[in-house]
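Fold and contact review
Here is what each chain is made of, one letter per residue.
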Amino acid sequence: QVQLVESGGGLVQDGGSLRLSCAASGSMLSIGTMGWYRQAPGKQRELVADITSGGTTNYADSVKGRFTISRDNAKNTVYLQMNSLKPEDTAVYYCNADYLSGRFRNLEVWGQGTLVTVSS
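Keep in mind that this is a model prediction, so the values were computed, not measured. Numbers given to residues run from 1 along each chain, matching the order in which its sequence is written. Residues qualify for local features only when their pLDDT is at least 70, as the model is predicted, and side-chain atom pairs are given and counted only at 80 or more; totals for whole chains, interfaces and linings, by contrast, use all residues. Side-chain calculation: all heavy atoms of the structure are included, whereas hydrogens and water are not.

**Digging into the pattern of salt bridges**
Side-chain pairs of opposite charge can arise where the charged atoms are in close proximity. The working definition used for a salt bridge is a side-chain nitrogen of Lys or Arg within 4 Å of a carboxyl oxygen of Asp or Glu. In this structure the tally under the stated criterion is four salt bridges. Here glutamate 46 makes a salt bridge to arginine 38, at a shortest N to O gap of 2.8 Å. The rule is simple: take the accessible area with a 1.4 Å probe, protein chains only, and divide by the maximum for that residue type; under 20% is buried, over 50% is exposed, in between is partly exposed. Residue glutamate 46 is classed as partly exposed on the basis of its relative accessible area, which comes to 35%. Measuring nitrogen to oxygen at the nearest pair gives 2.8 Å for the salt bridge that ties aspartate 89 to arginine 66. Taken together, the residues span a long stretch of sequence, with aspartate 89 in the loop between strand S8 (77-82) and strand S9 (91-100) and arginine 66 in the loop between strand S6 (57-59) and strand S7 (67-72) at a distance of 23 residues. Residue arginine 66 is classed as buried on the basis of its relative accessible area of 11%. Through salt bridges with shared partners, a single ionic network connects Arg38, Glu46, Arg66 and Asp89. The helix count covers DSSP runs of H or I at least four residues long, the strand count covers runs of E at least two residues long, and both are numbered beginning at the N terminus.

**Notes on the state of the cysteines**
Linking two cysteines covalently through their sulfur atoms gives a disulfide. Only a pair of cysteine sulfur atoms within 2.5 Å counts as a disulfide in this structure description. Counting across every chain of the model gives one disulfide. Between the sulfur of cysteine 22 and that of cysteine 95 lies a disulfide, 2.1 Å long from S to S. Residues cysteine 22 and cysteine 95 are joined through a disulfide that is left-handed, its torsion about the S-S bond being -85 degrees. With cysteine 22 in strand S3 (residues 18-25) and cysteine 95 in strand S9, the pair connects residues that are 73 residues apart, well separated along the chain. Looking at cysteine 22, the relative accessible area reads 0%, which means it is buried. Residue class for cysteine 95 comes out buried when judged on its relative accessible area of 0%.

**Here's the deal with the environment of aspartate 98**
With respect to the helices and strands, aspartate 98 occurs in strand S9. Take aspartate 98: its relative accessible area is 32%, and that puts it in the partly exposed class. A sequence separation of 65 residues divides aspartate 98 from threonine 33, and the C-alpha atoms of the two residues are 5.6 Å apart. For aspartate 98, the contacting residues outside a window of four places in its chain are Ile31, Gly32, Thr33, Leu107 and Glu108. Note on contacts: a residue pair is in contact if any heavy atoms of the two residues lie within 4.5 Å.

Right, here's the structure in full:
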(Lines give C-alpha, C1' and ligand atoms only; values in the text may rest on other atoms or scores of the structure.)
Protein backbone atom coordinates (compact mmCIF):
# COMPACT_ATOMS: atom_id res chain seq x y z
CA GLN A 1 0.00 0.00 0.00
CA VAL A 2 1.27 3.46 -0.93
CA GLN A 3 1.11 6.39 1.45
CA LEU A 4 1.70 10.10 0.96
CA VAL A 5 3.03 12.16 3.85
CA GLU A 6 2.77 15.93 3.59
CA SER A 7 4.61 18.59 5.54
CA GLY A 8 5.27 22.31 5.47
CA GLY A 9 1.90 23.90 6.11
CA GLY A 10 1.37 26.63 8.67
CA LEU A 11 0.47 30.24 9.31
CA VAL A 12 2.01 33.00 7.21
CA GLN A 13 1.29 36.67 6.61
CA ASP A 14 -0.05 38.13 3.40
CA GLY A 15 2.81 38.24 0.87
CA GLY A 16 4.80 35.54 2.64
CA SER A 17 6.11 32.19 1.42
CA LEU A 18 5.77 28.53 2.35
CA ARG A 19 7.11 25.31 0.90
CA LEU A 20 5.07 22.12 1.01
CA SER A 21 6.59 18.66 0.66
CA CYS A 22 4.96 15.31 -0.03
CA ALA A 23 6.82 12.02 0.10
CA ALA A 24 5.45 8.75 -1.26
CA SER A 25 6.33 5.44 0.30
CA GLY A 26 5.20 1.85 0.01
CA SER A 27 5.01 -0.88 -2.58
CA MET A 28 4.74 0.43 -6.14
CA LEU A 29 6.38 -0.10 -9.49
CA SER A 30 6.38 3.53 -10.51
CA ILE A 31 4.81 6.92 -9.80
CA GLY A 32 3.21 8.97 -12.51
CA THR A 33 1.72 12.40 -12.16
CA MET A 34 1.93 14.01 -8.72
CA GLY A 35 -0.03 17.07 -7.77
CA TRP A 36 -1.36 19.44 -5.16
CA TYR A 37 -5.01 20.21 -4.60
CA ARG A 38 -6.64 22.49 -2.07
CA GLN A 39 -9.98 22.85 -0.39
CA ALA A 40 -11.09 26.04 1.30
CA PRO A 41 -13.98 26.08 3.79
CA GLY A 42 -17.29 25.76 1.98
CA LYS A 43 -15.65 25.20 -1.38
CA GLN A 44 -14.91 22.22 -3.58
CA ARG A 45 -11.46 20.71 -3.83
CA GLU A 46 -9.53 22.21 -6.74
CA LEU A 47 -6.31 21.49 -8.57
CA VAL A 48 -3.46 23.83 -7.68
CA ALA A 49 -0.68 22.30 -9.75
CA ASP A 50 0.57 18.97 -11.01
CA ILE A 51 3.71 17.57 -12.58
CA THR A 52 4.28 14.47 -14.70
CA SER A 53 7.12 12.04 -14.16
CA GLY A 54 8.86 13.73 -17.09
CA GLY A 55 8.59 17.16 -15.49
CA THR A 56 5.72 18.72 -17.44
CA THR A 57 3.85 21.11 -15.16
CA ASN A 58 0.32 22.45 -15.05
CA TYR A 59 -1.01 25.28 -12.86
CA ALA A 60 -4.32 26.77 -11.92
CA ASP A 61 -4.65 30.30 -13.28
CA SER A 62 -4.99 31.67 -9.76
CA VAL A 63 -1.47 30.57 -8.77
CA LYS A 64 0.49 31.03 -12.01
CA GLY A 65 3.57 33.13 -11.44
CA ARG A 66 3.40 32.68 -7.66
CA PHE A 67 3.60 28.92 -7.06
CA THR A 68 6.17 26.47 -8.41
CA ILE A 69 5.77 22.70 -8.38
CA SER A 70 8.79 20.40 -8.62
CA ARG A 71 9.66 16.80 -7.87
CA ASP A 72 12.59 14.59 -6.98
CA ASN A 73 11.97 11.24 -8.64
CA ALA A 74 14.80 9.56 -6.73
CA LYS A 75 13.04 10.46 -3.46
CA ASN A 76 9.46 10.01 -4.73
CA THR A 77 8.81 13.51 -3.43
CA VAL A 78 6.89 16.46 -4.81
CA TYR A 79 7.23 20.06 -3.63
CA LEU A 80 5.13 23.19 -3.87
CA GLN A 81 6.91 26.49 -3.40
CA MET A 82 4.32 29.14 -2.65
CA ASN A 83 5.34 32.80 -2.88
CA SER A 84 3.35 36.02 -2.64
CA LEU A 85 0.69 34.22 -0.65
CA LYS A 86 -2.74 35.82 -0.35
CA PRO A 87 -5.53 35.31 2.19
CA GLU A 88 -7.55 33.57 -0.53
CA ASP A 89 -4.85 30.87 -0.68
CA THR A 90 -5.96 29.74 2.78
CA ALA A 91 -7.04 26.11 2.53
CA VAL A 92 -6.17 22.53 3.34
CA TYR A 93 -3.65 21.41 0.75
CA TYR A 94 -3.70 17.77 -0.35
CA CYS A 95 -1.04 15.83 -2.18
CA ASN A 96 -2.12 13.36 -4.86
CA ALA A 97 -0.26 10.77 -6.90
CA ASP A 98 -0.97 8.24 -9.61
CA TYR A 99 1.06 5.06 -9.38
CA LEU A 100 1.45 1.60 -10.84
CA SER A 101 0.97 -1.10 -8.24
CA GLY A 102 2.84 -4.36 -7.98
CA ARG A 103 -0.11 -6.00 -9.71
CA PHE A 104 0.16 -3.58 -12.64
CA ARG A 105 -2.93 -1.62 -11.66
CA ASN A 106 -3.09 2.13 -12.14
CA LEU A 107 -4.14 3.54 -8.80
CA GLU A 108 -4.46 6.90 -7.10
CA VAL A 109 -3.57 7.93 -3.56
CA TRP A 110 -4.20 11.05 -1.46
CA GLY A 111 -2.32 12.54 1.44
CA GLN A 112 -3.96 13.49 4.71
CA GLY A 113 -3.81 17.22 4.01
CA THR A 114 -1.88 20.11 5.50
CA LEU A 115 -3.41 23.42 6.52
CA VAL A 116 -2.12 26.67 5.04
CA THR A 117 -3.42 29.86 6.62
CA VAL A 118 -2.59 33.28 5.20
CA SER A 119 -3.40 36.19 7.46
CA SER A 120 -4.18 39.66 6.15
